Amino acid sequence: MDCYGQFDEQIKRAAEAFKRIDKKEAVRLISHLDADGISACSVMIKLLSNENMKYSVSIVQQLNKALLSQLASEPYNCFIFTDIGSGVVSDIKELLKGRKVFILDHHSIEKTDDFGSIVLVNPHLCGIDGGKEISGAGVVFKFACAADKNMEEFAHIAIIGAIGDLQEQNGFLRLNGEILRIAVE
């Protein structure tokens, strides 16, 4: 299986884990404060709404121990990070231990041997350059489509995220190109 097939499998497994979340459980959604992060968050909000799930949203400039400690003091059992989180996996693992955590991101991943029980979806894990090939909104879009095929109608939001992250340089590379084709259709 090539790197793209591995990435698709990673997304499929994460979507299956997402579908196992109790629908009565409120989700804490944290996303990055930029065009890509806001686009990623909007796609995730639509998925959560389609699933009739309650959620609380924060848009943040960066994650650090202080913010993660504050989040850990909140009464949520499920946290979803979009377009943010890969750089502080160890802190998330430590401070949100025992909770369900999803990180849907395209940024470089902190070097660590163990993600614990964190569900991490990141193209870098498969050898795909997330800085050029897919945005955070694109990662969330692919994840959302794996969880709910009806989410394909929001491909244009993922493209906004990719453009916001300056990934359209003389056209898109493979993953963003696939999302663009869906948006055009």
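Each remark here, short or long, concerns the structure printed above.
Residues numbered from 1 in each chain as written. Predicted model: local features only at pLDDT ≥ 70, side-chain atom pairs only at ≥ 80, totals over all residues. Heavy atoms only, no water.

Trainee: Looking at this structure, I do not really get the state of the cysteines. What am I missing?
Mentor: Here, disulfide denotes a covalent bond that connects the sulfur atoms of two cysteines. Scanning all chains against the criterion turns up zero disulfides. The structure places no disulfide on C3, whose sulfur is separated from the nearest cysteine sulfur, that of C126, by 7.3 Å. Take C78: it sits in no disulfide, and the sulfur closest to it among the cysteines is that of C41, at 14 Å. (Disulfide = S-S within 2.5 Å.)

Trainee: In this structure, what is going on with the packing of helix α5 (residues 136-147) against helix α6 (residues 155-164)? I would like to understand it.
Mentor: Each pair of packed helices can be summarised by the angle the axes make with each other and by the distance between the axes. Two elements in contact, α5 and α6, have axes whose closest approach is 7 Å; the angle formed by their N-to-C orientations is 160°. Between α5 and α6, the angle is such that the two are roughly antiparallel. Counted together, A137, G138 and F141 of α5 and A155, I157, A158 and G161 of α6 form the full contact between these two elements. Of the residues contributing to the contact of α5 with α6, the split by class is five nonpolar, two polar and no charged. (Axes fitted to C-alpha atoms, helices over the stretch in contact; angles between N-to-C directions. Helix = DSSP H or I, 4+ residues; strand = E, 2+ residues; numbered from the N terminus. Parallel < 35°, antiparallel > 145°, perpendicular 65-115°, else oblique. Contact = heavy atoms within 4.5 Å. Nonpolar A, V, L, I, M, F, W, Y, C, P; charged D, E, K, R; others polar.)

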